[in-house]
Amino acid sequence: MSLILCSFPATGQQLIVSQYNTDNGLPQSSVKDIAFDEWGFCWLATEMGLVRYDGQRFETYGTAEIKGLESERMEGLTTDARGTVYARVYGEQILKVAVSGKYAAPAPVLMPKSSMHVGQQGLAIADRAVLKKLAGFYSRLGPSPFPYASSISDSEIYLRNEDSLLYLSPDHAAPVKIATYTGRKPRYTISARRLFVSVLPGNRIEVWRKGRRLPQYQSITGPLASESHFLAGNFQCFPGDDGFYIYAGENLYLVWLGQGAFRSRTVLEHVAMPSLSSIRYVRQQDTYYLGSATDGLFAVRRSRFMAPPFSSPVLHQSIYAQAAVGQGKLVVKNLLVSLDAPPRALPVKNDISALLFTTPDEQLYYAQDYVLRKLDLRRNLVRDISPLEHGLVHFSQAADGGYFFGQPHGFARLVNDRVTDFKAFPVRAEIFYARQLRPAYFLVCTDHGLKWYDYTRNRIDKSVLDSMQIRTVYAETEQKLWISTYGKGFYLLQNDRLYRMPLGPRQALKTVHSFVEDGKGFFWLPTNNGLFKVRKGDLTAYAEKRAKDVYFFRFDRSDGLPTNEFNGGCDPSYLWLKDSLLSLPTMKGLVWFYPGKVKPYFPVKGIFADSLMLNNQLTPVNAGGISLDPDFKRLSVHVSSPYFGNFENLGLEYQVAGLDADWRALDKTGQLTINSLPAGDYQLIVRRSGEAFPNGASELVLPIAVKPWFYNTWWFYLLCICASVLIGYLLFQRRLTKLERQAAQLENTISNRTSELKNAVNDLARSEMALLESNRFKDHVITMVLHDMRSPLRFISLISGNLLKNHAQLPPAELDTYLSDLHLGTQNLLGFTEQFFMWIGAQREGFKVSQTVFLLDDLFEEIASLYKELFKVNHNRLHIVCTRQECVSDYQILSVVIRNLIDNANKNTYDGDVTLSCEAVAGRLLISVADTGQGLSEEQIALFMSRDRLAGNRGTGSLLIHAMLDYVGGDISAASAPGKGSTFTISLPDRRRSGTAGQDGSVPEGS
């Protein structure tokens, strides 16, 4: 809420007072203290929290926002030497204003207790030694507390109450009393951050420096010395950067030390401020911030714009044309307005407005009631000159001393107040405004463009913007023209090239009434929506594409203007008065100001991300930027930049770099919203538009990373590639394995077929070998049978031969003996035949050994009886060594083996001894057949032991022995010496001892 208060009627200058309370943003209307931080934000101490103000919005920090804060009641604010703001909280808590990250706006944080001393005035104290002294002092206070502290620095601290003043420095162990003010009611303050001042009623002051009073300062000079409220003691003191302030009698005074004395001057007059609690002056804004304990915050500044000093109802009406009369007067409507005298009424109607023209001899030409008239301003006399079909739109000096004047459809000359040489405009167009470019040559603004008109030849040489209504034109040179249209913006025509200029904030420059050049490189542009200041060079740079944007600084009602709507369509549309005072017409009277003294307050502070809302959830501002999940729906960023002027001049705009190149204006709420971005890396860029800032436009660049869905990530792509490669590899391997398997199967098939073929060949070979073996076997059998049958048959032949020769001579007893031997021989031959058939059965497949338990003595006796007579033929003797050994084996097989050995021993021995014996050694039965015959050589023994030789006429018995012993698990060894005999030893397992008797008789594996 803004109030315009007239404070200086002598000059027409005004005060602009803006009040803020619970109606427009404050949580509570008690503003106890005010401070500005190093980032430019304004902080307010209230009863309901610490409030941050950026010039547009208030942000409150209380117990809900600050973890650990016990109370929302703030006592006061102060800063340290670096400008860091600290807040005192009821309950002795301290808050510090700090930033939490690169992009975050400053916010209060709770400090540890006793880490800082924040007094009522001056600087915050952080020196630990001083803090310890203060803590000790306060802990020993009795009934007279010292609740107020003023700190010049860590080494200069003043403690006070209503009666006493104490001083503490590093040289003191505890505060020392330096003054007593019992009953005198002093006001304490700090001057320019250097001196401690006690101000007493009656314009008496005491000044202290480092605990010592400076006696040369006794009082204050200037207007304050005569102010009755101040003298009576009804005043308040507040510290300031340039001195200190005293508020008395609704006036605010600045007191400063200059030329050896404390001087005063009035800075604000007639400012009724209820319960004033704090004052802060910001030089860059030229604004006083006043805190009220009951009515909130007041921002007070002087308006640089003013109205004519002497008021009149006419001067508050809508005003168009104005004409200068000398240096200090001007004609407006029916008034002659002076800078230093009340306005004088003129003998004309109040409706003259479109055009006014004055001559050096104070003659005023104007049109009224379709008559061209002249008013002698010195004598106040009016004379009619000529009737007119239409009103006047132009009046200018001619080269021959006469005048040119223009009407909506033509031009004429005025010579000695006589109208001559009227020429109708050569094209069909209505003239709004004209400017004489050179003698008899005009720039004419019409409803069909801008025309270059040669009056002498009555022709149009050139025309531009024919489809637009031209409002006004300013010729900087003949080759550089500034052209304003009605509702279509303004243009620069330079070297016959036309450039369209930007329309400014809110497209306010659609209609520019005047181009006012101030001689310092700036244009002042009055419009229907405010007054704009722009650097002319920026416009030229924009036209030449050396700049992408132009910054227009806007002034409006918040800056002290009576209205935002200026007037144009008149001649002249502005006036320069003496001392470079500019006069502009508006819908609510004249506006006067000195362009050289109006210093724009540019926004030069940083831009911050105050808060982030992600899907309606508050999210902290991280130093690394913003990371978003791919399914986020809404990101809201609250942007803040401290600027306490017109919001239009803040000019914030934002772009989502990486999404598009468009810049979008940020509204007054500072809130921008981004909905569902594709995955990727972006930058949210917030900047100030234009390039007119003294220190360059700052910007906020906030990185935004939208995470991709897992199927859009590089690792997923890599995984897919790896999976594809793996699948391809597996398919390849599977195909390769299949081919290898097929190849192996084919190879196996070929191998099997080859093996089968080989086996078939082998079977054929084996069949052939079997057939050959069968034939050999038959030969072997025949040989073996003949071999084994020879002895029985020879015995039978011998007996039967003796019987045949001697049976007649033989006595019956001897004949019985021969017949008995013959019968024995035939029985032996029969036994041999049965044993042979048994051997033949053993050669057949499926033969089984019949294991029985028998005495070896029985077997030996049976063999001895069989070979008894055969031994007599060779005169050999068979000795049987009796043994009581039992044997578990096949009786018949063992009998065949032993008989073969006995038969061979008998054949190879003559008149010798053959011994058959058995013994048990180491779990085996050793059956030995020993003879005393001719013996065997090593070659013969090797031949006997060989299993690989083929059956033939010789050695068939050894093959039979080896084969038979394999069936019963035995083996044979031979020992011989030539001429000494041989010994063959059969080794059999002693199954009787090993407990294997009674087995099923199957052939042992491997036999």
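Residues numbered from 1 in each chain as written. Predicted model: local features only at pLDDT ≥ 70, side-chain atom pairs only at ≥ 80, totals over all residues. Heavy atoms only, no water.

**Overview of the side chain of Gln-28**
Now for step 1: Secondary-structure assignment places Gln-28 in the loop between strand E2 (13-20) and strand E3 (33-36).
Now for step 2: A distance of 2.9 Å separates a polar atom in the side chain of Gln-28 from a polar atom in the side chain of Ser-30.
Now for step 3: Residues in contact with Gln-28, not counting those within four places in the same chain, are Thr-22, Thr-46, Glu-47 and Met-48. (Helix = DSSP H or I, 4+ residues; strand = E, 2+ residues; numbered from the N terminus. Polar contact = N/O pair within 3.5 Å; in protein donor to acceptor, adjacent residues only side chain to side chain. Contact = heavy atoms within 4.5 Å.)

**Here we look at the sheet that holds strand E39 (residues 431-438)**
Now for step 1: Here we have four strands laid out as an open sheet, ordered E39-E40-E41-E42, and antiparallel in their pairing. Of all the strands in the sheet, the pair left with one neighbour each is E39 and strand E42 (459-464). Along the sheet, successive strands turn relative to each other by an average axial angle of 25°, direction set aside.
Now for step 2: Where strand E41 (residues 449-454) and E42 come together, five bridges link them in antiparallel fashion. Within E42, the position partnered with Lys-451 by the bridge is Ser-463. (Pairing = 2+ DSSP bridges. Axes fitted to C-alpha atoms, helices over the stretch in contact; angles between N-to-C directions.)

**What about helix H3 (residues 536-543)?**
Now for step 1: Where burial is concerned, most of H3 is hidden: six out of the eight residues are buried.
Now for step 2: Among the residues of H3, Lys-536, Asp-538, Leu-539, Thr-540, Ala-541 and Ala-543 are the ones counted as buried.
Now for step 3: Remark: Lys-545 follows H3 within two positions and exhibits a positive phi of approximately 60°. (Buried < 20%, exposed > 50% of the residue type's maximum accessible area, 1.4 Å probe, protein only.)

**With respect to the confidence of the model for the protein chain**
Now for step 1: Predicted confidence across the protein chain gives a mean pLDDT of 86, with 91% of residues reaching 70 or more.
Now for step 2: Between residues 997-1007, whose pLDDT stays under 50, and residues either more than four places distant or in other chains, the model counts 14 contacts. (pLDDT = per-residue confidence, 0-100.)

**Points about the environment of Ala-225**
Now for step 1: Along the chain, the position of Ala-225 falls in the loop between strand E19 (212-213) and helix H2 (228-231).
Now for step 2: C-alpha of Ala-225 to C-alpha of Gly-202: the two residues are 23 residues apart in sequence and 8.7 Å apart in space.
Now for step 3: With sequence-adjacent residues up to four places away left out, Ala-225 is seen in contact with Asn-203, Ile-220 and Leu-231.

**Focus on the pattern of salt bridges**
Now for step 1: In this structure the tally under the stated criterion is 39 salt bridges.
Now for step 2: We note a salt bridge from Lys-32 to Glu-47, for which the minimum N-O separation is 2.3 Å. Of this pair, Lys-32 sits in the loop between E2 and E3 while Glu-47 sits in the loop between strand E4 (42-46) and strand E5 (49-53), placing them 15 residues apart in sequence.
Now for step 3: Where Arg-457 meets Asp-454, a salt bridge forms, and the shortest distance between an N and an O atom there is 2.8 Å.
Now for step 4: Here the salt bridges share partners, and the residues they tie into one network are Glu-476, Lys-480, Glu-517 and Lys-536. (Salt bridge = Lys/Arg side-chain N within 4 Å of Asp/Glu carboxyl O.)

**A closer look at the sheet that holds strand E60 (residues 671-674)**
Now for step 1: Taken together, four strands build an open sheet; the order of strands is E55-E54-E57-E60 and the sheet is antiparallel. Two strands close off the open sheet at either side, each with one partner strand: strand E55 (617-619) and E60. Within the sheet, the average angular offset between the axes of one strand and its neighbour, ignoring direction, is 30°.
Now for step 2: Two strands pair when backbone bridges link them, and strand E54 (residues 608-614) and strand E57 (residues 635-640) are joined in this way by six bridges, in the antiparallel orientation. Bridging from a neighbouring strand, Met-613 pairs with Ser-636 of E57.

**Observations regarding the UniProt feature "transmembrane region" (unreviewed entry) in the protein chain**
Now for step 1: What UniProt calls "transmembrane region" (unreviewed entry) maps, in this numbering, to residues 714-732.
Now for step 2: Between the C-alpha atoms that bound residues 714-732 the distance is 26 Å, and the span itself is 100% helix and 0% strand. (UniProt positions renumbered as here; feature names shortened; annotations may be inferred.)

**Re the packing of helix H7 (residues 856-866) against helix H9 (residues 891-907)**
Now for step 1: Interhelical geometry of H7 versus H9 gives an angle of 45° and a closest axis separation of 11 Å. Regarding the angle of H7 to H9, the classification is oblique. By crossing handedness, the relation of H7 to H9 is classed as right-handed. Here H7 contributes Leu-856, Asp-858, Leu-859, Phe-860, Glu-862, Ile-863 and Leu-866 to the contact with H9, which in turn contributes Tyr-891, Leu-894, Ser-895, Ile-898, Arg-899 and Ile-902.
Now for step 2: In terms of residue class, the contact of H7 with H9 is made up of nine nonpolar, one polar and three charged. (Parallel < 35°, antiparallel > 145°, perpendicular 65-115°, else oblique. Left-handed = near helix turned anticlockwise from the far one by under 90°. Nonpolar A, V, L, I, M, F, W, Y, C, P; charged D, E, K, R; others polar.)

**Focus: the side chain of Arg-471**
Now for step 1: When you line up the elements, Arg-471 lands in strand E43 (residues 470-477).
Now for step 2: The buried charged residue Arg-471 lacks any salt bridge, with Glu-565 as its nearest oppositely charged partner at 8.0 Å. (Lys, Arg positive; Asp, Glu negative; His and termini not counted.)

**A word on the environment of Asp-461**
Now for step 1: You can see Asp-461 is positioned in strand E42.
Now for step 2: In sequence terms Asp-461 and Lys-451 are 10 residues apart; their C-alpha atoms lie 7.5 Å from each other.
Now for step 3: Not counting residues up to four positions away in its chain, the partners in contact with Asp-461 are Tyr-441, Trp-452 and Asp-454.
Now for step 4: A polar contact is formed between the side chain of Asp-461 and the side chain of Tyr-441, at a distance of 2.7 Å.

**Section: the packing of aromatic side chains**
We describe a pair of aromatic rings using the distance from one ring centre to the other and the angle between the two ring planes.
Now for step 1: In the structure shown here, the tally under the stated rule is 51 aromatic pairs.
Now for step 2: Between the aromatic rings of Phe-404 and Phe-442, the centroid separation amounts to 5.3 Å while the plane-to-plane angle is 85°, which identifies the pairing as edge-to-face. Of this pair, Phe-404 sits in strand E36 (residues 403-407) while Phe-442 is found in strand E40 (residues 441-446), placing the two residues 38 residues apart along the sequence. Here Phe-404 and Phe-442 have matching classes, each one buried.
Now for step 3: Ring-pair connections join several aromatic residues into one group, and the members of that group are Phe-305, Trp-524, Tyr-551, Phe-553, Phe-555, Phe-593 and Phe-602.
Now for step 4: Over the ring of Tyr-90 we find Arg-73; its NZ or CZ atom is 4.2 Å from the centre of that ring.
Now for step 5: Here Lys-536 stacks its cationic end above the ring of Phe-523, 5.8 Å away from the centre of that ring. (Phe/Tyr/Trp six-rings, centres within 6.5 Å; stacked < 30°, edge-to-face > 60°. Lys NZ or Arg CZ within 6 Å of the ring centre and 35° of its normal.)

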